[in-house]
Amino acid sequence: MKFNRKKSYVGLEIISSELKLAVCENDIIKKIVLERIPNNLVDNDIVLDWNQLGSFIKETMKKHSITCKRVALVLPEEIAYVRRLLMPYMTIPQLKFNLPFEFHDFTGDEKDKYVYDYAVMDVLEEEENGTTTKKLDLLAVVIAKETIDNYIVMLKKAGLSLEIAAPEACAYQNIIKKYLEKTKPETAGDYAILDIRKGNANLRIFTNGKYESSREMEFNLQRVVDMIKEKFQVSNDVALQYLDEGKEEVVYSEEAMSVYSQISLEVMRIINFFLYNHPNNTLDTLYCCGMGGKIDPLRSMLEETVGLRVKELHELFDAQTEQEKMITVGAATVGITWN
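Just so you know, these numbers come straight off a predicted model, no measurement behind them. (Residues numbered from 1 in each chain as written. Predicted model: local features only at pLDDT ≥ 70, side-chain atom pairs only at ≥ 80, totals over all residues. Heavy atoms only, no water.)

Visitor: Residue-level account of the sheet that holds strand 3 (residues 28-36), with values.
Guide: The mixed open sheet is built from five strands, whose spatial order is 3-2-1-6-10. Strand pairing shows two members of the sheet lacking a second neighbour, strand 3 and strand 10 (161-167), which therefore form its edges. In this sheet, adjacent strand axes meet at a mean angle of 20 degrees when their direction is disregarded. Here four bridges tie strand 1 (residues 8-15) to strand 6 (residues 70-75), and the two strands are oriented parallel to one another. Counted as the bridge partner of L12 is L73 from strand 6. (Pairing = 2+ DSSP bridges. Helix = DSSP H or I, 4+ residues; strand = E, 2+ residues; numbered from the N terminus. Axes fitted to C-alpha atoms, helices over the stretch in contact; angles between N-to-C directions.)

Visitor: An account of the sheet that holds strand 12 (residues 201-207) is needed here, citing residue identities and associated values.
Guide: Taken in spatial order, the five strands make up an open sheet running 13-12-11-14-15, and their pairing is mixed. The sheet is open, and its two borders are formed by strand 13 (210-217) and strand 15 (309-312), each paired with just one other strand. This sheet shows a mean twist of 25 degrees between the axes of neighbouring strands, independent of strand direction. Across six bridges, strand 11 (residues 191-196) lies against strand 12 in antiparallel orientation. For I193, the partnering residue across the bridge sits in strand 12 and is R204. Across the sheet, helix 5 (residues 168-183) touches strand 11, strand 12, strand 13 and strand 14 (285-289), and the angle it forms with strand 11 is around 135 degrees. (Contact = heavy atoms within 4.5 Å.)

Visitor: Now, about the nonpolar core: what can you tell me, with residues and values included?
Guide: Core analysis: the largest hydrophobic core is formed by 66 residues, its most contacted members being L12, I14, L53 and I57. Membership of the second largest hydrophobic core comes to 38 residues, among which are A192, V259, M301 and L308. (Core = buried A, V, L, I, M, F, W, Y, C linked by side-chain atoms within 4.5 Å. Buried < 20%, exposed > 50% of the residue type's maximum accessible area, 1.4 Å probe, protein only.)

Visitor: Could you give an account of the pairing of strand 12, with specific residues and numbers?
Guide: For a regular strand, side-chain orientation follows a simple rule: the groups alternate between the two sheet faces. Counted residue by residue, strand 12 has seven buried out of seven residues, so it is predominantly covered. Going residue by residue along strand 12, you find A201, L203, I205 and T207 tucked away on one face and N202, R204 and F206 tucked away on the opposite face as well. Of the pairings in the sheet, the one linking strand 12 to strand 13 comprises seven bridges and is antiparallel in character. By the bridge assignment, L203 is partnered in strand 13 with R215. Here strand 12 folds back onto strand 13, and the loop between the two strands holds two residues, one of which, N208, carries a positive phi near 55 degrees.

Visitor: Give me the pairing of strand 11: which residues, what numbers.
Guide: With six of six residues buried, strand 11 lies mostly within the body of the structure. Here strand 11 shows two buried faces, one formed by Y191, I193 and D195 and the other by A192, L194 and I196. Alignment of strand 11 against strand 14, held across four bridges, turns out to be parallel. When the bridges of strand 14 are listed, D195 appears paired with C289.

Visitor: Can you explain helix 5? Please cite residues and give values.
Guide: For helix 5, built from 16 residues, the straight-helix expectation of 22 Å at 1.5 Å per residue is met to within 8% by its first-to-last C-alpha distance of 23 Å. Listing the buried residues of helix 5 in full gives E168, A169, C170, A171, Y172, Q173, N174, I175, I176, Y179 and L180. Of the residues one or two after helix 5, K184 is the one with positive phi, at around 50 degrees. (Expected span 1.5 Å × (residues − 1).)

Visitor: An account of the packing of helix 6 (residues 222-232) against helix 7 (residues 236-245) is needed here, citing residue identities and associated values.
Guide: Viewed as axis vectors pointing N to C, helix 6 and helix 7 meet at an angle of 110 degrees, and their least axial separation amounts to 9 Å. Here helix 6 lies roughly perpendicular to helix 7, going by the angle between them. Every pair of crossing elements has a handedness; the one defined by helix 6 and helix 7 is right-handed. Between helix 6 and helix 7, the residues in contact are Q222, V224, V225, I228, K229 and F232 and N236, A239, L240, Y242 and L243, respectively. Across the contact of helix 6 with helix 7, the residue classes tally to eight nonpolar, two polar and one charged. (Parallel < 35°, antiparallel > 145°, perpendicular 65-115°, else oblique. Left-handed = near helix turned anticlockwise from the far one by under 90°. Nonpolar A, V, L, I, M, F, W, Y, C, P; charged D, E, K, R; others polar.)

Visitor: Tell me about the pattern of salt bridges, and name the residues and values.
Guide: For the structure on display, the rule yields 24 salt bridges. We note a salt bridge from E35 to K63, for which the minimum N-O separation is 2.8 Å. Remark: K63 occurs in helix 1 (residues 50-63) and E35 occurs in strand 3; sequence separation between them is 28 residues. Note on E35: relative accessible area 14%, which makes it buried. Judged by relative accessible area, which is 57%, K63 ranks as exposed. We note a salt bridge from D195 to R197, for which the minimum N-O separation is 3.9 Å. Note on accessibility: D195 and R197 belong to one class, buried. (Salt bridge = Lys/Arg side-chain N within 4 Å of Asp/Glu carboxyl O.)

Visitor: Mind laying out the packing of helix 9 (residues 254-277) against helix 10 (residues 296-306), listing which residues take part and the relevant values?
Guide: The interhelical angle for the contact between helix 9 and helix 10, taken along N-to-C directions, is 40 degrees, at an axis separation of 9 Å. Here helix 9 lies oblique to helix 10, going by the angle between them. The element helix 9 and its partner helix 10 pack so that their crossing is right-handed. Side by side, helix 9 and helix 10 meet where M257, Y260, S261, S264, L265, V267, M268 and I271 of the first sit next to P297, L298, M301, L302, T305 and V306 of the second. Residues of the contact of helix 9 with helix 10, tallied by class, amount to 11 nonpolar, three polar and no charged.

Now the structure itself:
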C-alpha cells in the first residue's frame, strides 16, 4: 500500500522590521503570517542577535499554531551573492570543482569559507564548423559557511530544521516558473517584479522566463516612514502601522506622493534601459509586491510614469481567496517553498 505523504514547508523571510512566514503544502498556500520583529534583532536584513531572534521565531510559530518543522529560508541579497553564468557542459563533480573559481572576485583566496550552489536554467547548443557544443546556463550563488551555520543553529533552537536555503532571486524565479507551468504559454515571455518593502526596494527582470538581473533602488518606503514620524510625531512602529493600514492622510499626503514620484522615475529608468537592450521584448506589465504593492496611489503613479500596466503580484495567478492574495506581501516566502 502506498501512502501520499504531504510535502509541507514553512517559508521564512527575515527582513529588518518584519518576520514573514508562509505555510505551503504541496505548493498550495495554507497560511501567510507577518509579524513585527522587536528592535535590535535585525538591521538592514542582517541578523544582530541570533539567540533572541530564534526565540522570537519559536514564539511566533506557537502563536499562529504552525506545527510544520521543515523550513525553506529566503537569504537576503546583502549576504548571498547571485550570478548568471554560462559554462561549458560538464559533469556535476566537475561543476562543483569549477564553480568556486567563477566567484573568485567575490571570495578572494578564502573560497573554502563559502558554500556554493546552482540551478540549471537551460542547456544551450552551439554549432560551429559542423561541430555541436553544449553550454550550461546557470543561476549560481555563494554564501559564507559561517552565516549558513548560524541560521542552522538558530532554527534548531527554535525546534526547526533548515531544508532549503536560497536567495531572493531564486524565490522569485520559482514564482515565474510556477506561473509558466500553470499557464503553459507558447513563449515564456518577459516579466518585471518590483518588491517595495519597508526598507529597500528591488526590481527584478526575467527574460524569456529566466532571471536576468536585480537592481536595488535608492528610493524606498523608509523615506515615507521617516516623513510620517516627523509629520505626526510618532514612533517608527506607529508610522509603519499607519502605512500598513493605508491611512489616507498618510498614503495620499504630499510628502508621500513625492517619494512615489522618485520611486517611479527610478523604475522608469531601469525599465527603459531594459527595453533599449531588448528591442524584441514582450514586457507589458509591472508586478508589484511587498508593502508598496498594496498602496494604490503608488501603483497609479508607477503606471503613469513607467508606461506599463501595473498590477499586484497575486494578479499573475488570478488569485481568488484572501489567503492566495497574500502572496503580494509574502512573495519570496511563498516562492522559496516552490523549490
